[in-house]
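# An overview of the molecular structure
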Amino acid sequence: MTRFFQRWAVFIGLVVVWELATWLADDPFFPRPTEIAEAAHALWFSGPLLLTDTVYEHVFPSIGRLLAGWGIAALIGIALGVALGRSATAMQFAGPLLTFMRSIPPPALVPVFLLVFNVGTQMQLATIVFGVLWPILLNSVDGARSVDATKYETSAVFRIPKAQWILGVVLPAAAPKIFAGLRVSLSLSLVLMVVSELVGTDNGIGSQLLVAQREFDFPDMWAGIVLLGVLGYALNTVLLAFEHRALAWQPKASEGRTPATVEE
């Protein structure tokens, strides 16, 4: 319990300061945290079985899109990144294209995705996948490149099959950098989920935020913003726990100090 309060002391202090500052300012654009909490309770936790219909109509679909887009990007990014990372020739040809593609802001392609997929889940998934693919892909490339040459030579001597070499040597060696890319992309997927819902659907957290803004319902708007922060923290905590368990054999992974890699 003591460690809990030590870790959250700064956060609790900031909430108290926020409460006092907004109470003194009495600005309708910046409601007090207690007002935001009341709005959040009314929106999501006042149903017959605790959760309201709004959770099922807006929150759960948003989480589903976020995880689906992130998962698809992870599968494509890891597979393609490992393949490119183990082939110097392929990377020479693909490098300029990857640099060009990852330089395009994903929100700028929303009109293109609307034309191709129309309004709906496909457009939202395309926006999320395109935006979060690059951190995973580039970190996977760098991780696959970092495999010790001795391991490669040893596997060649023992004639280890290609599939076994990839699964048993390359992926474990690249795993720390792959997880670094997954963490960065998870945060991006939350942002792009909201962006895609502002224009591409009539449900979801992003759509709720837009409606609250247009109706000048600022407590509901701030409740949605706080919900996004809570979701981001919860998802990152789960991913970190999985990463620490998966990489327990590496001392640095257990300390959570694996840096994200940026490929220029």
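Residues numbered from 1 in each chain as written. Predicted model: local features only at pLDDT ≥ 70, side-chain atom pairs only at ≥ 80, totals over all residues. Heavy atoms only, no water.

This brings us to the overall build of the protein. Within the protein, the regular secondary structure consists of eleven helices and zero strands. Taken from N to C terminus, the helices and strands of the protein fall in the order α-α-α-α-α-α-α-α-α-α-α. Once the C-alpha set of the protein is aligned to its principal axes, its extents read approximately 70 × 55 × 35 Å. Look at the contacts in the protein between residues 6 or more apart in sequence, and 72% of them connect residues 24 or more apart. Between the averaged position of the 16 positive side-chain charges in the protein and that of its 19 negative side-chain charges there is a distance of 19 Å. (Helix = DSSP H or I, 4+ residues; strand = E, 2+ residues; numbered from the N terminus. Contact = heavy atoms within 4.5 Å. Lys, Arg positive; Asp, Glu negative; His and termini not counted. Charge placed at Lys NZ, Arg CZ, Asp CG, Glu CD.)

Of all hydrophobic cores here, the largest spans 51 residues; its most connected members are Trp44, Leu84, Leu182, Met193, Ala223 and Leu228. Elements supplying a minimum of two residues to this core: helix H2 (33–44), helix H3 (53–85), helix H4 (88–102), helix H5 (110–117), helix H6 (121–145), helix H8 (162–200), helix H9 (205–214) and helix H10 (218–246). The element contributing the most residues to this core is H6, with eleven residues. Ranked by size, the runner-up nonpolar core spans six residues in total, among them Val82, Ala144, Trp165 and Val169. (Core = buried A, V, L, I, M, F, W, Y, C linked by side-chain atoms within 4.5 Å. Buried < 20%, exposed > 50% of the residue type's maximum accessible area, 1.4 Å probe, protein only.)

Before going further, it helps to examine the environment of glycine 64. Structurally, glycine 64 is set in helix H3. The spatial distance from the C-alpha of glycine 64 to the C-alpha of methionine 193 is 9.9 Å, given a sequence separation of 129 residues.

Axis separation between H5 and H6 bottoms out at 9 Å; the angle between their running directions is 140°. What the angle tells us is that H5 and H6 run oblique. For the pair H5 and H6, the sense of crossing is right-handed. Each of Val110, Phe113, Leu114 and Phe117 in H5 lies in contact with H6, whose residues at this interface are Gln122, Met123, Ala126, Thr127 and Phe130. Grouping the constituent residues of the contact of H5 with H6 by class yields seven nonpolar, two polar and no charged. (Axes fitted to C-alpha atoms, helices over the stretch in contact; angles between N-to-C directions. Parallel < 35°, antiparallel > 145°, perpendicular 65-115°, else oblique. Left-handed = near helix turned anticlockwise from the far one by under 90°. Nonpolar A, V, L, I, M, F, W, Y, C, P; charged D, E, K, R; others polar.)

This next bit is on the packing of aromatic side chains. Enumeration over the complete set of coordinates arrives at eleven aromatic pairs. Each ring, one from phenylalanine 30 and one from tryptophan 222, has its centre 5.9 Å from the other, and the planes form 50°; the classification is tilted. Here the residue phenylalanine 30 occupies a position in the loop between helix H1 (2–25) and H2, and tryptophan 222 occupies one in helix H10, the gap between them amounting to 192 residues. Put simply, the rings of Phe113, Phe117, Phe130 and Trp134 touch in pairs and so form one group of aromatic residues. (Phe/Tyr/Trp six-rings, centres within 6.5 Å; stacked < 30°, edge-to-face > 60°.)

Per the stated rule, a full pass over the model turns up five salt bridges. In this structure, glutamate 35 engages arginine 32 in a salt bridge whose closest nitrogen and oxygen atoms are separated by 3.7 Å. Ionic contacts of the salt-bridge type, sharing partners, join the residues Glu19, Arg32 and Glu35 into one network. (Salt bridge = Lys/Arg side-chain N within 4 Å of Asp/Glu carboxyl O.)

Here we come to a nonpolar patch on the surface. Residues Phe5, Phe11, Ile12, Val16 and Leu20 make up a contiguous nonpolar surface patch of roughly 480 Å² in combined accessible area. With respect to the helices, strands and loops of the structure, phenylalanine 5 is situated in helix H1. Phenylalanine 5 gets classed as partly exposed once you look at its relative accessible area, which sits at 47%. (Patch = residues over 30% accessible without salt bridge, like charges linked within 9 Å, V, L, I, M, F, W, Y side chains within 5 Å. Areas by Shrake-Rupley, 256 points an atom, 1.4 Å probe, with all protein chains shown as cover.)

This part takes up the UniProt feature "transmembrane region" (unreviewed entry) in the protein. In the numbering used here, UniProt assigns the feature "transmembrane region" (unreviewed entry) to residues 7–25, 67–88, 109–136, 182–201 and 221–242. For residues 67–88, the end-to-end C-alpha separation is 32 Å, with 91% helix and 0% strand making up the annotated structure. (UniProt positions renumbered as here; feature names shortened; annotations may be inferred.)

We now examine H10. With 29 residues, H10 ought to run about 42 Å at 1.5 Å a step, and its terminal C-alpha atoms sit 42 Å apart, in line with that. Inspection of H10 places Phe218, Met221, Trp222, Ala223, Gly224, Leu227, Leu228, Leu231, Leu239 and Glu243 among the buried residues, and these make up the whole buried set. (Expected span 1.5 Å × (residues − 1).)

Attention shifts here to the environment of glycine 204. Along the chain, the position of glycine 204 falls in the loop between H8 and H9. Looking at glycine 204, the relative accessible area reads 0%, which means it is buried. Glycine 204 sits eleven residues away from methionine 193 along the chain, and the two C-alpha atoms are 8.9 Å apart. The residues touching glycine 204, leaving out its near neighbours within four places in the chain, are Glu57, His58, Ser62, Arg65 and Glu197.

What follows concerns the side chain of glutamine 208. As for its placement among the helices and strands, glutamine 208 is situated in helix H9. On the accessibility criterion, glutamine 208 (18% relative accessible area) is buried. For glutamine 208, the contacting residues outside a window of four places in its chain are Leu43, Trp44, Thr54 and His58.

Once that is clear, we can look at unusual backbone geometry. The backbone of aspartate 26 shows a phi angle near 50°, a positive value even though the residue is not glycine. Along the chain, aspartate 26 turns up in the loop between H1 and H2. For aspartate 26, a relative accessible area of 63% translates into the label exposed. The phi torsion at leucine 50 lies on the positive side, around 80°, for a residue other than glycine. Relative to the elements of secondary structure, leucine 50 occurs in the loop between H2 and H3.

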